[in-house]
Amino acid sequence: MRFNDAISGAIFLAIGVFAFIHAGSFKHFPGVPYGPDLFPRIIAVMMAGGGLILIVSGLRGANQVPWVVLVDWARRRRSYELFLAVIGSMLGYILLSDALGFLLTGFLMLTGLFLVTRGIARLPSSAALAALVTGLIYLIFVEALRVPLPFGVIERLLVG
Amino acid sequence: METLLAAFDLVFRWEIIAVIFGACVFGIFAGAMPGISATVAVALLVPITFFMEPVAALAAIATAVAMAIFAGDLPGALLRIPGMPASAAYAEEAHEMTLKGQGGTVLMVALLCSVLGGLVGTMALAFSAPLLAEFALEFQYYEYFWLACIGLSTAALVAAANPVKGVISLSIGLMLATVGLDLISGQPRFTFGTPALMEGIHFIPVMIGIFAVAEVLRALIHPPRADAGDARVQKIDFGETFRTIWRYRTNLARGSIFGTLIGALPGAGSDIAAWVSYGYARKRSKTPEKFGTGHPEGIVAASASNNAATSATWVPSLVFGIPGDSVTAIVIGVLFLKGLEPGPNVFIENAPLVYSIFVSFFIANVFLIPVGYIAIRAASQLLKVSNLILMPIILIFTVVGAYAINNSMMGVMVALGAGIASFLMQENDYPVAPLILGMVIGPLLEKNFMQAMIAQQGDLTAFFERPIAAFLGIVTILMWTAPVVAAIRRWQLRRRAPEGNEGQHA
């Protein structure tokens, strides 16, 4: 999905202006002339300036470059399904894993994703693969590296 | 010498060798997959290395990158899809050779040239880095400030297709780096009253999002390319392999040296090295007309070159703390996390550790021969792994990696946000490497800038008083003004052109 440069330029101009103003609220250390706002403000000017240049060049080319161009993938329904599946599965993990634990959430996330990428006909092999990968990650992180992953139902069975 | 022996002791332990071997296999696999670049491979590896000791962590990253750069040749030769940008220069040429039935041989040539080039780059790293470090010991924050500026400017202005977008990407990274408590005043910045933001935004989840999550999105939604290639098992003719390398030994040497020099420049990495070496090999060839028809001369030069560059990019990173590319930017971030501030002092305080990186690079290059050979034999199986299976697995790795750094869901949210942002940025030709460089270098840049400003009461001339600082400062300012001058010149030409046309009409 391509946008005319004026659009992204306007977004960065807005962020830059906002950051510049917001940096004014950072408290100065008494007696030091250059406070914590100086560096962020320089960056904000850089970002806003870049945004401004893009707005100008984008508007100038606006008769040739449309506001939004749907590149090849964006005309495929399937692409949107896959895009949403990726975002959705990550959101699902964020919402569920603290309650369900890594093993169950990871398994569900992978099975769900495979369901979209490989189709329902291959569900059994997808589920098996998902179980294998989730188990492997559990072994690497929890058993070998001693990193605690979200603890849940299956973990309780394994440990207890 | 004693340091070197100490470094050997650090590396030659079974757990380190096991880590190197694991990273080797991972690097080969990741490199061979067209969707996974060396940067993505490192992004996936870092969360695991986060929990290792420094030697193991750095050895793993060094090994995986060296392997991945070679492995990018596998799909390049067999399917005409380069697995890495670094293999793109000669993927067509190698594929032509595959069509002639010489696919196995050309890959073996590429493998051995990669090893030799990698060893040359490692030697250059091992010898030049300590010397440069000694020189850099004299540096104060003025020099570091300018060096950081040069490193960031090359990434934003030179390496980006559109310098304005490069600068914006850089400013996003720098701004993200300021979130959290200010180092000097201790004041919260851009936290908006959220306690979770007080400790700042960790660069690892951002990096995972920018490189890995965005890559999963891209790989899945773009319509699959028709694989025209032929991934049948290819015979390897060892006699022909050695004859080819011997015949083009000058190209091998030249490619290795070019790679080393280009890699050591900030902002230029293995892909540029490969293109330059391939182009130069053609220019100096007695039979330039054979290039593009399945001729190994350029492949010898370019495959040595990209591996030499891989080691050499560590020179500016280790000595000055200025990353050469996005992989070394990640490495610098990892060094900081391990409590090692890259820069000349690391050579004094942690000399064995630095030398252990060199030793790891050597071991990695030696391991590359057997592992690479097996990979060539197994390539046809390896390349059958579909993105539809691979990408979901990568995604769950990113989720776990982003969570594990702080044991908080915040990391996963940051990775998701960064992934979507990075995807949109790349769709609109914003480079993302400057963002991660800005995030890693930002705190260093601000610290040196603020210290100099406070020490000199805001007197900017102090930045030019010392001779090396003055030189670096002038280089930086030239880099900043060059695109502006070029833009003004283009604008003037454009203004003059229509007038000229009107003149003709009259």
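Presented here is an overview of the structure given in this document.

Parameters at a glance
- Residues numbered from 1 in each chain as written.
- Chains lettered and ligands numbered in written order.
- Predicted model: local features only at pLDDT ≥ 70, side-chain atom pairs only at ≥ 80, totals over all residues.
- Heavy atoms only, no water.
- Helix = DSSP H or I, 4+ residues; strand = E, 2+ residues; numbered from the N terminus.
- Rg over C-alpha atoms; globule rule 2.2 N^0.38 Å.
- Buried < 20%, exposed > 50% of the residue type's maximum accessible area, 1.4 Å probe, protein only.
- Contact = heavy atoms within 4.5 Å.
- Areas by Shrake-Rupley, 256 points an atom, 1.4 Å probe, with all protein chains shown as cover.
- Lys, Arg positive; Asp, Glu negative; His and termini not counted.
- Charge placed at Lys NZ, Arg CZ, Asp CG, Glu CD.
- Core = buried A, V, L, I, M, F, W, Y, C linked by side-chain atoms within 4.5 Å.
- Buried area = accessible area lost by both parts, 1.4 Å probe.
- Salt bridge = Lys/Arg side-chain N within 4 Å of Asp/Glu carboxyl O.
- Polar contact = N/O pair within 3.5 Å; in protein donor to acceptor, adjacent residues only side chain to side chain.

1. Observations concerning the overall build of chain A
Each helix and strand counted, chain A has six helices and two strands in total. For chain A, whose C-alpha radius of gyration is 24 Å, the value lies well above the compact-globule estimate of 15 Å for 160 residues. Taken along its principal axes, the extent of the C-alpha atoms in chain A is 60 × 55 × 25 Å. Here chain A holds 160 residues, and the buried ones make up 41% of them. Of the contacts formed within chain A by residues at least 6 apart in sequence, a portion of 63% connects residues at least 24 apart. As displayed, chain A offers around 8,400 Å² of accessible surface, 73% of which is attributable to carbon and sulfur atoms. Across chain A, 12 positive and 7 negative side-chain charges occur, with their mean positions spaced 7 Å apart.

2. Section: the nonpolar core
All names here are of chain B. Within the largest apolar cluster, 211 residues are counted, with the highest numbers of intra-cluster contacts made by L74, M207 and W314. In this view, W314 contacts L58, I61, A62, L125, T328, V331, I357 and F361; residues no more than four positions away in its chain are not counted. Among the nonpolar cores identified, the runner-up in size contains eight residues, and V109, L112, I245 and Y248 belong to it.

3. Observations regarding the interface of chain B and chain A
Taken together, the 62 residues of chain B in the interface contact 65 residues of chain A. With both sides pooled, the region where chain B packs onto chain A buries about 5,800 Å², and carbon together with sulfur makes up 80% of that total. For chain B, the biggest contributors to the area lost against chain A are I221(B), I396(B) and M409(B); these three give 10% of the whole. Summed over the shared surface of chain B and chain A, the number is two salt bridges. Note that D429(B) is salt-bridged to R2(A), the shortest N-O span being 3.0 Å. Along the contact surface separating chain B from chain A lie nine residue pairs in polar contact (both at pLDDT 80 or more). Residue assignment for the side of chain B that touches chain A shows that the elements contributing at least two residues are helix 3 (38–49), helix 9 (163–178), strand 2 (188–189), helix 10 (203–221), helix 19 (387–404), helix 20 (409–427) and helix 21 (433–455) of chain B. Here the side of chain B that touches chain A takes eleven residues from helix 19 of chain B, the largest share from any one element.

4. Observations regarding the pattern of salt bridges
Where side chains of opposite charge bring their charged atoms close, a pairing between them can arise. Residue and element names in this part refer to chain A. Applying the stated criterion across every chain yields a total of 14 salt bridges over all chains. Across the pair E81 and R77 runs a salt bridge whose closest N-O atoms are separated by 3.2 Å. Placement of both E81 and R77 in helix 3 (residues 77–100) is noted, with a separation of four residues, approximately one turn of the helix.

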